[in-house]
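Chain by chain, the residues run as shown.
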Amino acid sequence: MNVDPSEVQKFSDLAHRWWDPTSEFRPLHEINPLRLEWINARAPLKGKRVLDIGCGGGILAESMARKGAEVTGIDLSDKALKVADLHSLETGVQVRYELVAAEDMAAREPSGFDVVTCMEMLEHVPDPEAIVHACATLVRPGGHVFFSTINRNPKSYLFAVIGAEYVLKMLPKGTHDYAKFIKPAELARYTRHAGLDLDAVKGLTYNPLTKMYSLNQDTDVNYLMACQRPA
């Protein structure tokens with residue numbers, strides 16, 4: 001399977017804190033409105049069948065369901081999925097969660113979704129290109145695929161690893177492995193090989209003075225990529 005057991009264990013150990021906005025998952029809570037609105041602006045979610053790959057505790061999945069989408073979230077952390085399920089029950093927001101690999105889901109439900117999201121996950125798997133191919137298989141012709149990940153360069157190492165994990169302590173030490181970061185050109189190549197058309201790339205930056213995130217053209221560290229499967 002295309003999975004690093006140590007990565008799964010890392011997030012499983014923190015699963016009980018997923019919905020605590022002051023926990024290690026605070027950055028996910030803070031960037032979620034930005035990425036949700038960016039997705040919804042490019043592919044209006046209401047009435048769409050959506051798959052969230054690497055959904056974790058369900059922060060993005062639930063927010064897309066609140067927009068009126070029929071959402072399925074998949075992950076390989078059983079603990080995270082149990083937390084997601086419990087939170088869904090508590091809030092009454094309907095999301096279907098399943099413990100299954102993206103590649104297995106692609107074999108089972110090809111062209112099964114209007115929108116596929118894979119956010120903050122590619123930098124945690126051994127073979128990110130295989131995940132991109134699975135996303136391309138899972139989305140219907142004319143459908144949209146959204147990725148977010150971290151660029152690989154000295155600035156991203158300084159900000160995403162040293163700054164976020166050691167200086168600002170926004171994330172636990174060891175959250176990210178710099179060697180697994182992916183340059184936008186590399187991700188664009190993966191999407192092209194998978195038969196997807198690249199629609200847009202957007203940067204996501206954090207201002208330590210205002211403690212605010214924003215979407216802009218600076219893709220040096222965090223970035224999002226929107227693609228579409230040709231109709």
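Here's what I pulled together on the structure shown here. Owing to the predicted nature of the structure, the values given are computational and were not obtained by experimental measurement.

Thresholds, definitions, all that
- Residues numbered from 1 in each chain as written.
- Predicted model: local features only at pLDDT ≥ 70, side-chain atom pairs only at ≥ 80, totals over all residues.
- Heavy atoms only, no water.
- Helix = DSSP H or I, 4+ residues; strand = E, 2+ residues; numbered from the N terminus.
- Buried < 20%, exposed > 50% of the residue type's maximum accessible area, 1.4 Å probe, protein only.
- Contact = heavy atoms within 4.5 Å.
- Polar contact = N/O pair within 3.5 Å; in protein donor to acceptor, adjacent residues only side chain to side chain.
- Expected span 1.5 Å × (residues − 1).
- Bend = angle between axes of the 7 residues up to and from the residue.
- Disulfide = S-S within 2.5 Å.
- Pairing = 2+ DSSP bridges.
- Axes fitted to C-alpha atoms, helices over the stretch in contact; angles between N-to-C directions.

Look at Ser-111: it is not a glycine, yet its phi comes out positive at around 55°. For Ser-111, the location among the structural elements is in the loop between α5 (102-108) and β4 (113-119). According to the relative accessible area criterion, Ser-111 is partly exposed, its value standing at 32%. The phi torsion at Glu-120 lies on the positive side, around 55°, for a residue other than glycine. Inspection of the secondary structure puts Glu-120 in the loop between β4 and α6 (128-138).

When you line up the elements, Tyr-178 lands in the loop between α7 (154-167) and α8 (184-193). In this structure the C-alpha to C-alpha distance between Tyr-178 and Pro-154, which are 24 residues apart in sequence, comes to 9.6 Å. Beyond its immediate sequence surroundings of up to four residues, Tyr-178 is in contact with Arg-152, Asn-153, Pro-154, Ser-156 and Tyr-157. A polar contact is formed between the side chain of Tyr-178 and the backbone nitrogen of Asn-153, at a distance of 3.3 Å.

Our next topic: helix α2 (residues 26-42). In this model α2 runs 25 Å from its N-terminal to its C-terminal C-alpha over 17 residues, within 8% of the 24 Å that 1.5 Å per residue would give. Of all the bends in α2, the largest measures some 40° and sits at Asn-32, one to four residues before the proline Pro-33. For α2, every residue scored as buried is listed here: Pro-27, Leu-28, His-29, Ile-31, Asn-32, Arg-35, Leu-36, Trp-38, Ile-39 and Asn-40. If you follow the buried residues of α2, they end up packed against α3 (59-66), β4, β5 (139-150), β6 (197-207), β7 (212-216) and β8 (222-228).

Throughout the structure, instances matching the rule amount to zero disulfides. Considering cysteine sulfurs only, Cys-118 is the nearest to Cys-135, which forms no disulfide, with 4.7 Å between them. A residue is classified by how much of its surface remains accessible, and Cys-135, at 0% relative accessible area, is buried. Cys-227 takes part in no disulfide bond, and the closest cysteine sulfur to it belongs to Cys-135, at a distance of 9.3 Å. We classify Cys-227 as buried; its relative accessible area is 1%.

This brings us to the sheet that holds strand β3 (residues 95-99). Spatially, the eight strands line up as an open sheet ordered β3-β2-β1-β4-β5-β8-β6-β7, and their pairing is mixed. Each edge of the open sheet carries a strand with a single partner, namely β3 and β7. In this sheet, adjacent strand axes meet at a mean angle of 20° when their direction is disregarded. Bridging between β5 and β8 involves seven bridges; their strand directions are antiparallel. Bridging from a neighbouring strand, Ser-148 pairs with Leu-224 of β8. Contacting β1 (49-53), β2 (70-75), β3 and β4, α3 runs over the sheet at an angle of about 150° to β3.

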